[in-house]
Amino acid sequence: MNHTYRLILDCPDRVGIVTRVGEVITSNGGWISEAAHHSDQESNWFFSRFEIQADSLPFGIDELQAKLDPLAKECSMNIRLVDNHRPKRVILMASKGSHCLSDLLDRWKSGDLHCDIPCVISNHDDMRGLVEWYGIPFHHVVIDKDDKAPGFAQVEALVDEYNADCVVLARYMQILPQALCEKYRHQVINIHHSFLPSFIGAKPYHQASRRGVKLIGATCHYVTEQLDEGPIIDQDVARVTHSDNVEDLVRLGKDVEKTVLARGLRAHLEDRILVHGNKTVVFN
């Protein structure tokens, strides 16, 4: 992986933003290897992402930040600078379903996902063997249905102890309390089937099969206090027909879920997502 600094910014739209930012970088010898921009005409807001070759600059990321600060203040910019050689620390959370968890662990092990996974947290003990086979610490944290606060306090303590940059709910079948959603805003990623709000509750694929649906899908999104209504990162669908039974729908649904979740996590790891209100700009 080439060593780059990622510059992610958003601000009120105006003429010349790309030119001004580019001048700060190139006047110091910076080589921009990738750039993407989006102007939202409805909100008059501008979004941008640059990748800058680190060795093209005569200084490090802190001095680059200092050189960008005056422009950021002038243009009311929100700026983030990220060193891509520092892998994000991602905690995975799961329940009994293994398809998303095992897929992410395999992508991590093979190097397809550039991150560290310091631990996996689950409210069941079923996945311990799988996780420990990968050499990752496994924490079984019981969430008592009659008093969930102690369990979630332990989850919060683990996330803080491991200094996580991101938490992925890989089919974690518990609703995070509002306090955790607010504390880790835009740091918790979830996946759910895209039948919502049509088929609510247990066995959604059975409900969908009875209705004769022709499309099944999945939605990857950031978690907010509004259940399954956070900013959407990625979505996909698979076509089904009358000849597909419930087991076929479940199998195809799992394939879509794990693919969409992996894509969403990759976009987050590569700092390609900018959140504006309850919408996202996701640069390819």
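Refer to the preceding data block for the structure.
Residues numbered from 1 in each chain as written. Predicted model: local features only at pLDDT ≥ 70, side-chain atom pairs only at ≥ 80, totals over all residues. Heavy atoms only, no water.

1. A word on the overall build of the protein chain
Within the protein chain one finds eight helices and 14 strands. Relative to a compact globule of 284 residues, whose C-alpha radius of gyration would be 19 Å, the protein chain shows 21 Å and is just as compact. Summarising its shape, the C-alpha atoms of the protein chain cover approximately 60 × 40 × 35 Å along the three principal directions. Relative to its 284 residues, the protein chain shows a buried fraction of 48%. Surface summary for the protein chain: the accessible area is close to 14,100 Å², and the carbon and sulfur share equals 49%. Separation of charge centres in the protein chain, based on 31 positive and 40 negative side chains, amounts to 4 Å. (Helix = DSSP H or I, 4+ residues; strand = E, 2+ residues; numbered from the N terminus. Rg over C-alpha atoms; globule rule 2.2 N^0.38 Å. Buried < 20%, exposed > 50% of the residue type's maximum accessible area, 1.4 Å probe, protein only. Areas by Shrake-Rupley, 256 points an atom, 1.4 Å probe, with all protein chains shown as cover. Lys, Arg positive; Asp, Glu negative; His and termini not counted. Charge placed at Lys NZ, Arg CZ, Asp CG, Glu CD.)

2. What to know about the pattern of salt bridges
Enumeration according to the criterion identifies 24 salt bridges in this entry. We note a salt bridge from Arg6 to Glu51, for which the minimum N-O separation is 3.3 Å. Of the two residues, Arg6 sits in strand S1 (residues 4-12) while Glu51 sits in strand S3 (residues 45-53), which places them 45 residues apart along the sequence. Overall, the relative accessible area of 7% leaves Arg6 in the buried class. Of the residues examined, Glu51 reaches a relative accessible area of 9% and is grouped as buried. A salt bridge links Asp255 to Lys258; its shortest N-O distance comes to 3.8 Å. Here Asp255 pairs with Lys258, and both are found in helix H8 (residues 246-269), just three residues apart, close to one helical turn. Under the relative-accessibility criterion, Asp255 is labelled partly exposed at 34%. Given the relative accessible area of 26%, Lys258 is considered partly exposed. (Salt bridge = Lys/Arg side-chain N within 4 Å of Asp/Glu carboxyl O.)

3. Examining helix H5 (residues 149-161)
For H5, with 13 residues, the first-to-last C-alpha span of 18 Å sits near the 18 Å given by 1.5 Å per residue. Looking at H5, one finds that the buried residues are Gly151, Phe152, Val155, Leu158 and Val159. Seen end-on, H5 carries its buried residues on one side only, within an arc spanning 115 degrees. Projecting away from the buried face of H5 at angles above 90 degrees are the exposed residues Ala149 and Glu161. Contacts made by the buried residues of H5 are with strand S5 (88-94), strand S7 (120-122), strand S8 (138-140), strand S9 (166-169) and helix H6 (178-183). (Expected span 1.5 Å × (residues − 1). Arc of directions from axis to C-beta. Contact = heavy atoms within 4.5 Å.)

4. Side note on the packing of aromatic side chains
By the definition in use, this model includes one aromatic pair. Between Trp133 and Tyr134, the aromatic rings sit 4.9 Å apart at their centres with planes inclined by 85 degrees, giving edge-to-face as the arrangement. (Phe/Tyr/Trp six-rings, centres within 6.5 Å; stacked < 30°, edge-to-face > 60°.)

5. Digging into the sheet that holds strand S2 (residues 32-40)
Read across the sheet, four strands follow the order S2-S3-S1-S4 without closing on themselves; strand pairing throughout is antiparallel. Of all strands in the sheet, those with a lone pairing partner are S2 and strand S4 (78-83), marking the two edges. Neighbouring strand axes in the sheet, compared pairwise and without regard to direction, differ in orientation by 10 degrees on average. Sheet topology places S2 next to S3; eight bridges connect them, and they run antiparallel. Within the sheet, the bridge partner assigned to Ala35 lies in S3 and is Phe50. (Pairing = 2+ DSSP bridges. Axes fitted to C-alpha atoms, helices over the stretch in contact; angles between N-to-C directions.)

6. Comments concerning unusual backbone geometry
For Ser76, which is not a glycine, the phi torsion comes out positive at approximately 55 degrees. Structurally, Ser76 is set in the loop between helix H2 (61-74) and S4. Note on Ser76: relative accessible area 46%, which makes it partly exposed.

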